[in-house]
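Letter by letter, the chains look like this.
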Amino acid sequence: MKITIDEGKCVGAGQCVLVAPDVFDQRDEDGVAVLLTEETPEDERPRVQEAARVCPAAAIATDGR
Amino acid sequence: MSADPSEGQAALAYPTARGCPFSPPAEFSRLRAIPGLPRVQALEGAEPRLITRYEDAKTILSSTGLSARFDSPGFPLFSPSDVQQRDDRNESLIRTDDPDHLTQRRRLARHFTVKRVHALREDIQRTVDEAVDELLAEGSPADLVKLVARPIPARVICLLLGVPYADHAFFEDAASRALAGDSDPDEVRVALGELAAYLDALVGERISEADGDDVLSQLARDLVLPGTIDRPELVTIAMTLLVAGFETTGNMIGLGTALFLRHPAQRELFLAGDEAAQAEAIEELLRYLSVAHHPRQFAVREEMTVGDCPLRPGDGVLISLPSANRDSAAFEDPDVFDVRRPARGHLAFSHGTHQCLGQALARLELLLTFRTLFTRVPTLREAEDSGPYDLKQHSRIHGLNSFTVAW
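Since the model is a prediction, treat every value here as computed from it, not as a measurement.

Our next topic: the overall build of chain A. Across its full length, chain A holds two helices and four strands. Computed over its C-alpha atoms, the radius of gyration of chain A comes to 10 Å, within 12% of the 11 Å expected for a compact globule of 65 residues. Across its three principal axes, chain A shows a C-alpha extent of roughly 30 × 20 × 20 Å. Taking all 65 residues of chain A together, 48% fall into the buried category.

Moving on: the pattern of salt bridges. Under the defined criterion, the tally for this structure stands at 42 salt bridges over all chains. Of the charged contacts, one joins B:Arg344 and B:Glu283 as a salt bridge, the two residues approaching to 3.7 Å between their closest N and O atoms. Linking B:Arg344 in the loop between helix H15 (321-324) and helix H16 (359-376) with B:Glu283 in helix H14 (residues 275-289), this pair joins segments that are 61 residues apart in sequence. The pair formed by B:Arg344 and B:Glu283 is uniform in burial state, with each residue classed as buried. Two residues, B:Glu284 and B:Arg341, come together in a salt bridge whose shortest N-O distance is 3.1 Å. One end of the pair, B:Glu284, is in helix H14; the other, B:Arg341, is in the loop between H15 and H16, and 57 residues separate them in sequence. B:Arg341 shares its class with B:Glu284; the two are buried. The network of salt bridges with common partners includes A:Glu7, A:Arg27, A:Glu29 and A:Asp30.

Before going further, it helps to examine the packing of aromatic side chains. All names here are of chain B. A full pass over the atoms with the stated rule returns 15 aromatic pairs over all chains. Taking 5.4 Å as the distance between ring centres and 35° as the angle between the ring planes, the aromatic pair formed by Phe260 and Phe270 counts as tilted. Of this pair, Phe260 sits in helix H12 (residues 231-262) while Phe270 sits in helix H13 (residues 264-272), and the two are 10 residues apart along the sequence. Using a relative accessible area of 2% as the deciding quantity, one classes Phe270 as buried. With 6.1 Å between their ring centres and 50° between their planes, Tyr389 and Phe403 make a pair best called tilted. Taken together, the residues span a long stretch of sequence, with Tyr389 in the loop between strand S8 (381-382) and strand S9 (390-391) and Phe403 in the loop between strand S10 (400-402) and strand S11 (404-406) at a distance of 14 residues.

Counting 114 residues, the largest nonpolar core has A:Phe24, B:Val163, B:Leu199, B:Leu234, B:Leu289, B:Leu361 and B:Phe403 as its most contacted members. Considering every element that reaches this core, the biggest residue donor is H12(B), with 16 residues. Discounting residues that sit within four places of it in the chain, A:Phe24 has contacts with A:Ile3, A:Ile5, A:Cys16, A:Val17, A:Val34, A:Leu35, A:Leu36, A:Val48, A:Ala51 and A:Ile60. In this structure, B:Leu37, B:Ile60, B:Phe298 and B:Ile319 belong to the second largest nonpolar core, which totals 20 residues.

Residue and element names in this part refer to chain B. You can see Gly65 is positioned in the loop between helix H2 (54-62) and strand S2 (66-67). In sequence terms Gly65 and Asp222 are 157 residues apart; their C-alpha atoms lie 32 Å from each other. Other than its neighbours up to four places away in sequence, Gly65 contacts Ala299, Val300, Arg301, Glu302 and Met304.

Moving on to the environment of A:Arg53. Residues and elements named next belong to chain A. Checked against the element boundaries, Arg53 lands in helix H2 (residues 45-54). Here Arg53 falls in the partly exposed class, since its relative accessible area comes to 38%. Sequence separation between Arg53 and Cys16 is 37 residues, and the spatial gap between their C-alpha atoms is 9.4 Å.

Attention now goes to the pairing of strand S4 (residues 296-300) of chain B. Residue and element names in this part refer to chain B. Counted residue by residue, S4 has four buried out of five residues, so it is predominantly covered. The pairing of S2 with S4 spans two bridges and is classified as antiparallel. Considered in S4, the bridge of Leu66 is made with Val300. Of the strand pairs in this sheet, S4 and strand S7 (residues 316-319) are connected by four bridges, and their pairing is antiparallel. Of the residues in S7, the one forming a bridge with Phe298 is Val317.

Summing up the model confidence of chain A, the mean pLDDT is 94 and the portion of residues at 70 or higher is 98%. Across chain A, strand S2 (residues 24-26) of chain A holds the top mean pLDDT of 98, while strand S4 (residues 60-62) of chain A sits lowest at 95.

The next point concerns helix H10 (residues 185-209) of chain B. All names here are of chain B. The terminal C-alpha atoms of H10, which comprises 25 residues, lie 36 Å apart, in line with the 36 Å expected from a rise of 1.5 Å per residue. Taken residue by residue, H10 has Val188, Ala191, Leu195, Tyr198, Leu199, Leu202, Val203, Gly204, Arg206 and Ile207 as its buried positions. On its buried side, H10 packs onto helix H3 (80-87), helix H9 (168-179), helix H11 (215-224) and H12. Taken from the residues just after H10, Ala210 is the one with a positive phi, measuring 50°.

With that settled, consider the sheet that holds S7(B). All names here are of chain B. Across the sheet, four strands lie side by side as S1-S7-S4-S2; this open sheet has mixed pairing. The sheet terminates laterally at strand S1 (49-51) and S2, the two strands that pair on one side only. For S1 and S7, the ladder comprises three bridges, and the chain directions are parallel. When the bridges of S7 are listed, Arg49 appears paired with Val317. Across the face of the sheet, H2 comes into contact with S1, S2, S4 and S7 while running at roughly 125° to S7.

Turning our attention to the side chain of B:Lys58. As for its placement among the helices and strands, B:Lys58 is situated in helix H2. In this structure, B:Lys58 is in contact with A:Arg53, B:Leu347 and B:His351, ignoring residues within four places of it in sequence.

About the criteria used
Residues numbered from 1 in each chain as written. Chains lettered and ligands numbered in written order. Predicted model: local features only at pLDDT ≥ 70, side-chain atom pairs only at ≥ 80, totals over all residues. Heavy atoms only, no water. Helix = DSSP H or I, 4+ residues; strand = E, 2+ residues; numbered from the N terminus. Rg over C-alpha atoms; globule rule 2.2 N^0.38 Å. Buried < 20%, exposed > 50% of the residue type's maximum accessible area, 1.4 Å probe, protein only. Salt bridge = Lys/Arg side-chain N within 4 Å of Asp/Glu carboxyl O. Phe/Tyr/Trp six-rings, centres within 6.5 Å; stacked < 30°, edge-to-face > 60°. Core = buried A, V, L, I, M, F, W, Y, C linked by side-chain atoms within 4.5 Å. Contact = heavy atoms within 4.5 Å. Pairing = 2+ DSSP bridges. pLDDT = per-residue confidence, 0-100. Expected span 1.5 Å × (residues − 1). Axes fitted to C-alpha atoms, helices over the stretch in contact; angles between N-to-C directions.

Below, the structure written as structure tokens:
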């Protein structure tokens, strides 16, 4: 599945890492969210959508479906 | 622009009277059902709008059209300490707007990432174990707030920041006077001055040594020495992190223990869960108790519509996080404490760019504390003669002054 992180908006709260630890990580230097892998398997979709829902900065977008 | 559904209504007193010590004032559930955004009475004759519903709170907290600065036109002053902070030009992170706020926040965020917090896990567990040892050594009955709820987060934030825990009585007292919602502005000024003087001396040492691996030493090395920030700015950061680090989590531990003891079946469900289920239970505890009950305060700086109500630049808004977290439109049977419900997405840490920086640390401290406490002291209960809960009065953070437990 396709995931986009808006790095300019991310506030480094880390909720995405708690919800989907196999998908998201935080940069060491400023806590901004990054994707762990280029390709995210489809079975992560519910967790990624949950991460997008709780993201305080609305910085995570997924392809529709 | 649509009509204002609250047009012509008199400003209300901000609801503060709690029936149940674990729940926000019942008045909020009445207000959530009324269309529009009521006006409430604030200081200096201001009548800001009150936001009580979950969707409205989430929408407005996500907006870029708000200002958290005390000097923004229309910023609603709510407690005497706000007057002091406005007059003394409080420049802390929570009273700064983007883009400056985000730049400053990111300099600190590296020290509070999920990865960094989880690297502290053994230290936190040891701190929790030692606190429970001290509770057991004191013997039944004992004050859980004094022996467990206050020391755990204070020791953890001291360890993280490199502040000597031996000084905890001093800074806990000063912070409590600074956070009291009913203090005279001069008393708040004195308390903050004492804290600032203490931290200035400490920060001075960290700047001259600059070789420690604690957060203040790292910030001194990374930001003060290259001239990115100056010493007073690091003192302000230290003050924010120290006070935020122990006050909220400590109140969650005290009040959370009391809540679990009133709901033994929920305590059993929590203990029976795996780590993921326990983490979800902590989310429900955060939602249900929402200890940050002092309203979030902002000035509107861009036109927007929230709750069908038009807001204009110069309007003030107050947002009740506890009320939003008890909104039946967002949480089924919101007044039921149920550790199995999906509570994530609650607003206990607020929302938007100012959402709590230390939330991963708070979550881990709470999880390890409740798991360890209830596992090691399975017969823990409220002491027979403990009487009504010893609730903090007029504090910006809801909690217990003391809580006598037995086992």
